[in-house]
Amino acid sequence: MSTRDIAIAITIVVALLILLTMLLAWRRRLRRDAGLSAPLGVPEHAEVLRRDEVLYVSTTRHDQPLERLAVSPLAYRARGELAVTDRGIALCLDGTPTVFLASSRLVGVDRATVTIDRVVEPGGLIRIAWNADDETVVDSYLRLATGDPKNLITALQHLVTVPDDAAAPDTGATR
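Please read these numbers as outputs of a predicted model, since none were measured by experiment.

1. Some remarks on empty space enclosed by the protein
The gaps left among the atoms become clear once a water-sized probe is rolled over them. Taken as a whole, this structure holds 1 cavity of 30 Å³ or more when the rule is applied. When its volume is computed, the largest cavity comes out at roughly 40 Å³. Where the lining of the largest cavity is concerned, the elements lending two or more residues are strand E4 (88–93) and strand E10 (137–144). Tallied by class, the residues present in the lining of the largest cavity amount to 6 nonpolar, 1 polar and no charged.

Structure follows, in C-alpha cells:
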C-alpha cells in the first residue's frame, strides 16, 4: 500500500465517522424532542383570509434562534403555503400534514434576521412564537417566497391574543 492509498483510506474513515456522528446527534435530538408536536388539522369553518407561499426554515427554543427543536412534523425545512384564517394559522408544508396554530396558541409575530442554518437580509424572516404545550414556547421561522412580509406580519399580529393576566392594570379610576 502506498502512502497515497493510506491517506485516501484515512480520509474516507474520517468522513464516515463525521457522518455517523451527525446521524447519531440528529437521532438524539429527535428522541429529546419527541414530547413536542405541532397541532394538526384546520377547524372546519375557518375562513381563509390570505394565502402565501413560504419556505419553512426551522423551529427553535423561544428567543434562542440557534437551538433547533425537532418538533413533529416541523423537524425539516420545506416549501409550502401559509394560510391566515380567522381562527389562526394553517401551515401546509410539502410532504407533511397541515399544522394549525390557533390564535390562542400564538404568543407573538415579528421579523428576524438569523436562525439555525439561515442568515438573511435584516428582517427577512418571519418569526412566529407559539405555545407547543402549556410550559413551552417555541419560535418557528418562515421566509416569504415573494414580496415584502410587512402585510403578512400585520395580518398575523392581528391573530395574537393577549392573555387575561396581561390586561391593563386597574388604576381604580372610574369613568
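2. Points about the pairing of strand E1 (residues 48–61)
For a regular strand, the rule is simple: side chains alternate between the two faces of the sheet. Bridge analysis of E1 against strand E3 (residues 78–85) gives 8 bridges, and the strand direction is antiparallel. Residue pairing across strands places Leu55 opposite Arg79, the latter belonging to E3. Here E1 runs beside E10; their pairing, made up of 7 bridges, is antiparallel. By the bridge assignment, Arg61 is partnered in E10 with Val138. The pairing of E1 with strand E2 (residues 64–68) spans 2 bridges and is antiparallel. Residue pairing for E2: Arg61 is matched across the bridge by Gln64. With antiparallel pairing between neighbouring strands as the criterion, E1 and E2 make up a hairpin whose turn holds 2 residues, including Asp63 at a positive phi of roughly 60°.

3. Side note on the pairing of E10
Buried residues dominate E10, accounting for 6 of its 8 residues. Two elements, strand E9 (residues 125–131) and E10, share 6 bridges in a ladder whose sense is antiparallel. In the sheet register, Ala129 faces E10, and the bridge partner there is Asp139. Linking E9 to E10, which pair antiparallel, is a turn of 5 residues.

Reading the values: the criteria
Residues numbered from 1 in each chain as written. Predicted model: local features only at pLDDT ≥ 70, side-chain atom pairs only at ≥ 80, totals over all residues. Heavy atoms only, no water. 1 Å grid on protein atoms, 1.4 Å probe; cavity = no way out; pocket = protein on both sides within 12 Å on 5 of 7 lines; lining within 4 Å. Points joined across faces, edges and corners; volume = space filled by probe spheres on them. Helix = DSSP H or I, 4+ residues; strand = E, 2+ residues; numbered from the N terminus. Nonpolar A, V, L, I, M, F, W, Y, C, P; charged D, E, K, R; others polar. Pairing = 2+ DSSP bridges. Buried < 20%, exposed > 50% of the residue type's maximum accessible area, 1.4 Å probe, protein only.

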